[in-house]
Amino acid sequence: MSVITHAVRKSNLATMINTPGGISVGTAIARARANLETMREQALQVIEASISALEAIPEPTGPGDTSERREQVYREATSLIDAAGPFELFDLCRAASGLCDLIGVLDPEQPFDWRIVTVHARSLRLLQALPPEAALERAHILDSLNEVVQRKLAQTG
């Protein structure tokens, strides 16, 4: 009977993990948060620009420009979500997400109630202006927006 042997090679990853000198998970997370915090002001500017853009998008004048305007709304709402998400501004994300969900579900060939965009833009502005400790007010705004979205979705089904 023959016995085959081979040299066992140690994994580079195993070597790195077992070698002292790395940083702890807590330290890595703290550094990542500090790095992210340096971008907060830029994110707040993107959020402000997105809300202003939503407020400024004019109501479509007919079927020819409805699709383009809806795409503009969708782009601005997703831009807001991208900027607000990393900073845990979840109320802004939730409001913008509801608008995106509604635009994505509704038939582009059907008339669109533009008041939905206006209400969401104004609600986003209000959420942005409220202090963080105004939890009840924020919840009420988000619940009301959710009710609008649910009613519009029920009308399509």
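Residues numbered from 1 in each chain as written. Predicted model: local features only at pLDDT ≥ 70, side-chain atom pairs only at ≥ 80, totals over all residues. Heavy atoms only, no water.

## Side note on the nonpolar core
By size, the foremost hydrophobic cluster in this structure holds 33 residues, and its most contacted members are I47, L54, V73, L80, L92, L99 and L124. Breaking this core down by element, the ones donating at least two residues are α3 (40-56), α4 (63-84), α5 (90-105), α6 (115-129) and α7 (135-156). Setting aside residues no more than four positions away along its own chain, V73 makes contact with L54, I57, L99, I103, W114 and V117. (Core = buried A, V, L, I, M, F, W, Y, C linked by side-chain atoms within 4.5 Å. Buried < 20%, exposed > 50% of the residue type's maximum accessible area, 1.4 Å probe, protein only. Helix = DSSP H or I, 4+ residues; strand = E, 2+ residues; numbered from the N terminus. Contact = heavy atoms within 4.5 Å.)

## So, the side chain of D65
Tracing the sequence through the fold places D65 in helix α4. According to the relative accessible area criterion, D65 is buried, its value standing at 13%. Reaching out from D65, the side chain makes a polar contact with the backbone nitrogen of T61 at a distance of 3.1 Å. (Polar contact = N/O pair within 3.5 Å; in protein donor to acceptor, adjacent residues only side chain to side chain.)

## Concerning the packing of aromatic side chains
Scanning all chains against the criterion turns up one aromatic pair. Note on F112 and W114: the rings are 5.7 Å apart at their centroids and 75° apart in plane angle, and the pair reads as edge-to-face. Exposure remark for F112: the relative accessible area of 13% places this residue in the buried category. (Phe/Tyr/Trp six-rings, centres within 6.5 Å; stacked < 30°, edge-to-face > 60°.)

## Observations concerning the environment of A121
Summarising the element assignment, A121 is placed in helix α6. Once the C-alpha coordinates of A121 and V73 are considered, the two residues, 48 residues apart in sequence, prove to be 9.7 Å apart.

## Some details on the pattern of salt bridges
Enumeration over the complete set of coordinates arrives at nine salt bridges. Residue D113 is joined to R115 by a salt bridge in which the shortest nitrogen-to-oxygen separation is 2.8 Å. Taking relative accessible area as the criterion, R115 reaches 59% and is therefore assigned exposed. Each of the salt bridges in this network shares a partner with another, and the network as a whole consists of E48, E55 and R125. (Salt bridge = Lys/Arg side-chain N within 4 Å of Asp/Glu carboxyl O.)

## Structural notes on α5
The first and last C-alpha atoms of α5 sit 22 Å apart over 16 residues, in line with the 22 Å expected at 1.5 Å per residue. D91, L92, C93, A95, A96, G98, L99, C100, L102 and I103 are the residues of α5 that are buried. On its buried face, α5 sits against α3, α4, α6 and α7. (Expected span 1.5 Å × (residues − 1).)

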